[in-house]
Amino acid sequence: MKPTYSNARKLVWYPDLACPVCGGDVNSWDKRCSRALGYRQIVCEGCISEEYQVTVENLRYVMENHFGLVPCPGI
């Protein structure tokens, strides 16, 4: 079960959507990353990091320091 948060600005899970690559759950952070990288669908950060051959932590670092996207609280 995914956690829910009282603050709407925090991480949001999309129960009706799935990653088109692995079929896993996607959330608002995955959506932000996917849009920044030009994906047409929401792809999970695990699949994005695999595609670029980096760790998830490195992907988050790049997204924050090169794209200005701060990871959502709760991930």
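Owing to the predicted nature of the structure, the values given are computational and were not obtained by experimental measurement.

A. Examining the overall build of the protein chain more closely. Along the protein chain, the regular secondary structure elements total three helices and two strands. Along the chain direction, N to C, the helices and strands of the protein chain fall in the order β-β-α-α-α. Put simply, the protein chain has 75 residues, and 27% of those count as buried. At a minimum sequence separation of 6, the contacts of the protein chain that also span at least 24 residues come to 36%. As displayed, the protein chain offers around 5,200 Å² of accessible surface, 50% of which is attributable to carbon and sulfur atoms.

B. Geometry of the pairing of strand β1 (residues 13–18). Of the pairings in the sheet, the one linking β1 to strand β2 (residues 25–27) comprises three bridges and is antiparallel in character. Directly across from Trp13, in β2, lies its bridge partner Asn27.

C. Spatial organisation of the nonpolar core. Counting residues in hydrophobic clusters, the biggest one holds 14 residues, and the most contacted among them are Cys19, Trp29 and Met63. With near-sequence residues (within four places) excluded, Cys19 lies in contact with Gly24, Val26, Ile42, Val43, Cys44 and Cys47.

D. View of helix α3 (residues 56–67). In this model α3 runs 15 Å from its N-terminal to its C-terminal C-alpha over twelve residues, within 8% of the 16 Å that 1.5 Å per residue would give. Count one or two residues on from α3 and you reach Gly68, which has phi positive near 75°.

E. Layout of the packing of helix α1 (residues 28–36) against α3. Between α1 and α3, the shortest axis-to-axis distance is 12 Å and the interhelical angle comes to 55°. In terms of their interaxial angle, α1 and α3 are classed as oblique. The chirality of how α1 crosses α3 is left-handed. Packed against α1, whose contacting residues are Trp29, Cys33 and Ala36, the element α3 presents Arg60, Met63 and Phe67 at the interface. Residues belonging to the contact of α1 with α3 are distributed by class as follows: five nonpolar, no polar and one charged.

Procedures and definitions
- Every residue gets a number counted from 1 within its own chain, in the order that chain's sequence is written.
- Thresholds applied to this predicted model are a pLDDT of at least 70 for local features of residues and 80 or more for the giving and counting of side-chain atom pairs; totals over whole chains, interfaces and linings are not thresholded and use all residues.
- Side-chain calculation: all heavy atoms of the structure are included, whereas hydrogens and water are not.
- The secondary structure listing takes helices from DSSP runs of H or I that are at least 4 residues long and strands from runs of E that are at least 2 residues long, numbered from the N terminus.
- Exposed residues in this analysis have more than 50% of their type's maximum accessible area, buried residues have under 20%, and partly exposed residues fall in between, with area computed by a 1.4 Å probe over protein chains only.
- Here, residues are in contact when the closest pair of their heavy atoms is within 4.5 Å.
- Note on areas: Shrake-Rupley with a 1.4 Å probe; residue coverage comes only from the protein chains shown.
- For two strands to pair, DSSP has to find at least two bridges joining them.
- Definition of nonpolar core: a set of buried residues of the types Ala, Val, Leu, Ile, Met, Phe, Trp, Tyr and Cys, connected through side-chain atoms within 4.5 Å.
- Take the number of residues in a helix, subtract one, and multiply by 1.5 Å to get its expected span.
- To obtain an axis, a line is fitted to C-alpha atoms, over the contacting stretch when the element is a helix, and the angle between two such axes runs from 0 to 180 degrees between their N-to-C directions.
- Angular relationships are summarised with four words: roughly parallel below 35 degrees, roughly antiparallel beyond 145, roughly perpendicular across 65 to 115, and oblique for the angles in between.
- Each crossing gets its hand from how the near helix is turned against the far one by less than a right angle, where anticlockwise is left-handed and clockwise is right-handed.
- Each residue gets one label: Ala, Val, Leu, Ile, Met, Phe, Trp, Tyr, Cys and Pro are nonpolar, Asp, Glu, Lys and Arg are charged, and the others, such as Gly, are polar.

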